[in-house]
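What the coordinates show
Residues per chain are reported as follows:
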Amino acid sequence: MERAETNNGRGWDLEADVIVIGSGAAGLPAAIKAVEGGASVIVVETNYDIGGHAILSGGHMALGGGTSAQKKYGILDSPDTVFSDLTDWTIVQPNGWPDYRYNDRAVMRAFADHCALTYEFLLANGVEFKDVPPDNHGASTTGNSAPRENHAFWTKGAGLESPNAAAGTGVIRPLEASARAKGVRFLLNYKMTSIVREPSTERRRIGCVIGITVEYTPRIMPGATTPLKSFRSDGNIESTKLTMNLRATKAVIVATGGSTSNLNFRRMFDPRLTAMLQVGGEPYSYQDASGELAAMAVGASLWGLVNQTLENGATIRTQRALATKYNYVAWKVESPIFPLVRATGFNVKDWQDVILVNQVGKRFYDETKGDPPHGNLGHQIDPYTPNDYRNSENIKFNPTKHNFFNAAMAMNEYSEPPDYCAGPMWAIFDADAVQREGWKVVPPYVDPDGYFFTANTLTELAAAIDNEYQPKPMRGATLQATVERYNSFVDAGADADFGKPTPKYKIQTPPFYAAWATPVVHDTRAGLRINEKCQVIDMNGIVIPGLYCAGESAGGFNQHGMGRCATQGYISGMNAAAEPRHE
Ligand SMILES: Cc1cc2nc3c(=O)[nH]c(=O)nc-3n(C[C@H](O)[C@H](O)[C@H](O)COP(=O)(O)OP(=O)(O)OC[C@H]3O[C@@H](n4cnc5c(N)ncnc54)[C@H](O)[C@@H]3O)c2cc1C
């Protein structure tokens, strides 16, 4: 174990110029940029391996402003266009929610100016994107003037071990390799528990951030005796010490990925986001707000909070897989964390095959309608004139189209004190639906331990539904009545309750099934207040010296995903490395 010199009576276990907390889409670029700037760097990561949500992601990456890919395919774009797009107050989604209105202008200008630079930086550090014209596939809140979405990919066996065979691995593993080759050290299995800031003194009027504390967080899967190991170990700092103090002689960068896994934190923005909602990216990594809370404890402010509450973007998503608790991605049995996930789940090809009911056993929506809007609107706003209030004349408003979550989180008979939780959602279907869809309704495809139930009658099925989120048994008579009414809609050829287009199939052939189908919290869109350098700002509007933030933990920027995170990683790493060393 290396041991740095004691500072101000504090025992420091490790020291680097720049300490980056988190190794995801923001943390790795921050670390590389800082080391390229001449700083020594330690990345602290609570997980057993690097990557966070980013390594599980779809690898679609929104970076424009005049990238080499845009130029190659003749797409006109510039930093000014990105800035204009992402501050255009006139853009609203079909449900009326504005995408860019509440973005912080300074944060957006910095993003616009460094967006294309970050794209080239990623290429220079080994990331490969498909050689196709940038488009809008997978895009969300990336602006209306130019296609900006680039697509990474993952190839099995190419030395890019993935926790779930995701394209995002094609972004993250090359960055990791580059960081390690350039001398970045990794302290895995350690969680930052607090940020150390010196008090303000007469000599130094505003106290600097000088380090962090960490605690050991090895991950041992159910049934195993030893902790999970990272794919690569070169550059890892090995330790099993329970707690440590890490000194940062220049700066600390918070890149901890946001707050959606923190129940109380996320409910500050929307009290309806109760415990039954799982988080996309769990149980590989958690957005537990530890970065925000530690920074707030040393005076940091939050920012742009409205962006978290907006009912647009990918902030909350419908489930992708049924019958498994972690239902946003289809988990692979080979995943090292599969013992926690327990089931792959299965996808629905045709939503005519199921009905969705709430915790009481009642339908609430047209099952064939999907996520709230989160794409770009260019095709819908035609003509589009930036910042012209008349753009709204060309938006096809449809307030009912995207009300899934409001309907799903509506009060019902079981919504009781103290939280009045709307409860979980269940997909109900029969043996014929299983045949039509070709589902395998046995483990490991389904999780019979609370997330998938079977019975020969609907009454028995209702009684069987039971897990930590179902507050009390669904009444058999209610579920029976729901299904009978739905079956009558199939006879009538019309859904008199929720307008599902021509309900096709009756639910009538036993056995009957109930599969977990509760939506997922996905993105953090609000966090710590930062300036254009990604320096964290306190409640008085003053920079906290030595503290930076990037990615989903940073506020002021309503955009989905890795583009903004990597760009802010780039900006924060560059500026952190340029800080003077504390005496
Ligand atoms: C399934 C899925 C698919 C997605 N697909 C896309 C896509 O196609 N395109 C796109 O642009 N975006 C996508 N996203 C979103 C994207 O992955 C995230 O926006 C991005 O990874 C956020 O970057 P980040 O660095 O802020 O956080 P993360 O990438 O989550 O990294 C944060 C890291 O910090 C660590 N950490 C947290 N707290 C601490 C602590 N106290 N101490 C030490 N370490 C800590 C975490 O363990 C984690 O490794 C997807 C997300 C998911 C979950």
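Every value quoted in this text rests on a predicted model; they were computed, and no experiment measured them. (Residues numbered from 1 in each chain as written. Predicted model: local features only at pLDDT ≥ 70, side-chain atom pairs only at ≥ 80, totals over all residues. Heavy atoms only, no water.)

Further remarks concern the sheet that holds strand S15 (residues 512–516). Read across the sheet, 4 strands follow the order S12-S13-S15-S14 without closing on themselves; strand pairing throughout is antiparallel. Of all strands in the sheet, those bounded by a partner on one side alone are strand S12 (355–357) and strand S14 (452–455). Between one strand axis and the next, the sheet turns through 25 degrees on average, direction left out of account. In the packing of helix H14 (residues 476–492) onto the sheet, the strands contacted are S12 and strand S13 (426–430), and the crossing angle to S12 comes to about 150 degrees. (Pairing = 2+ DSSP bridges. Helix = DSSP H or I, 4+ residues; strand = E, 2+ residues; numbered from the N terminus. Axes fitted to C-alpha atoms, helices over the stretch in contact; angles between N-to-C directions. Contact = heavy atoms within 4.5 Å.)

Right, let's talk about unusual backbone geometry for a bit. Look at the link from Glu 282 to Pro 283: it is a cis peptide, with omega at 5 degrees. Here Pro 283 is to be found in strand S9 (residues 278–283). Note that the residue after Pro 417, namely Pro 418, is joined by a cis bond; omega there is 5 degrees. Along the polypeptide, Pro 418 turns up in the loop between helix H11 (404–408) and S13. Phi is positive for Thr 502, close to 40 degrees, though the residue is something other than glycine. Positionally, Thr 502 belongs in the loop between H14 and S15. Residue Cys 534 is not a glycine yet carries a positive backbone phi of 70 degrees.

For strand S2 (residues 41–45), the tally of buried residues reaches 5 of 5 residues, placing the bulk of the element in the interior. With 4 bridges connecting them, strand S1 (residues 14–21) and S2 associate as parallel partners. Along S2, the bridge assignment pairs Ile 21 with Val 44. Each parallel crossover has a hand, and the one from S1 via helix H1 (residues 27–36) to S2 is right-handed. Alignment of S2 against strand S5 (residues 185–188), held across 4 bridges, turns out to be parallel. When the bridges of S5 are listed, Val 43 appears paired with Phe 186. (Buried < 20%, exposed > 50% of the residue type's maximum accessible area, 1.4 Å probe, protein only. Right-handed = clockwise from strand over helix to strand, strands pointing away.)

For the rest of this paragraph, the subject is the site of the ligand. Close to the ligand lie 39 residues; Glu 45, His 60, Ser 290, Glu 552 and Met 562 are nearest. A distance of 3.3 Å is found between an oxygen atom of the ligand and a backbone nitrogen or oxygen belonging to Gly 59. Between Glu 552 and the ligand, the recorded distance is 2.4 Å, taken from a side-chain N or O atom to an oxygen atom. Those elements giving two or more residues to the shell around the ligand turn out to be S2, helix H2 (52–56), strand S6 (190–197), S9 and helix H15 (562–577). Take the shell around the ligand: its biggest share by element is 4 residues, from H2. Here the residues of the shell around the ligand sort into 14 nonpolar, 21 polar and 4 charged. (Near = heavy atom within 4 Å. Polar contact = N/O pair within 3.5 Å; in protein donor to acceptor, adjacent residues only side chain to side chain. Nonpolar A, V, L, I, M, F, W, Y, C, P; charged D, E, K, R; others polar.)

Most of H1 sits out of view: 9 of its 10 residues are buried. Within H1, the full set of buried residues consists of Gly 27, Leu 28, Pro 29, Ala 30, Ala 31, Ile 32, Lys 33, Ala 34 and Val 35. Immediately beyond the C-terminal end of H1, within one or two residues, lies Gly 38, with a positive phi of roughly 95 degrees.

With respect to the element layout, Trp 154 can be found in the loop between strand S4 (149–151) and helix H6 (169–181). In this structure, the C-alpha to C-alpha distance between Trp 154 and Glu 128, residues 26 residues apart in sequence, is 9.6 Å. Not counting the four nearest positions on each side in its chain, Trp 154 is found in contact with Leu 160, Ser 162, Ala 165, Ala 166, Ala 167, Thr 169 and Gly 170.

Counted by the stated rule, this structure contains 19 aromatic pairs. Aromatic pair Phe 111 and Phe 557: ring centres 4.8 Å apart, planes at 70 degrees, arrangement edge-to-face. Of this pair, Phe 111 sits in helix H5 (residues 105–124) while Phe 557 sits in the loop between strand S19 (543–549) and H15, and the two are 446 residues apart along the sequence. Aromatic pair Phe 265 and Phe 269: ring centres 6.1 Å apart, planes at 55 degrees, arrangement tilted. Pair noted here: Phe 265 and Phe 269 are both in helix H7 (residues 263–269), with a separation of 4 residues, about one helical turn. A relative accessible area of 4% places Phe 265 in the buried class. Connected via pairs of aromatic rings, a cluster forms that spans Phe 346, Phe 429, Trp 439, Phe 452 and Tyr 513. Positioned over the ring face of Phe 83 is Arg 109, at 4.9 Å from the centre of the ring. (Phe/Tyr/Trp six-rings, centres within 6.5 Å; stacked < 30°, edge-to-face > 60°. Lys NZ or Arg CZ within 6 Å of the ring centre and 35° of its normal.)

Purely geometric stuff here, so don't read any function into it on its own.
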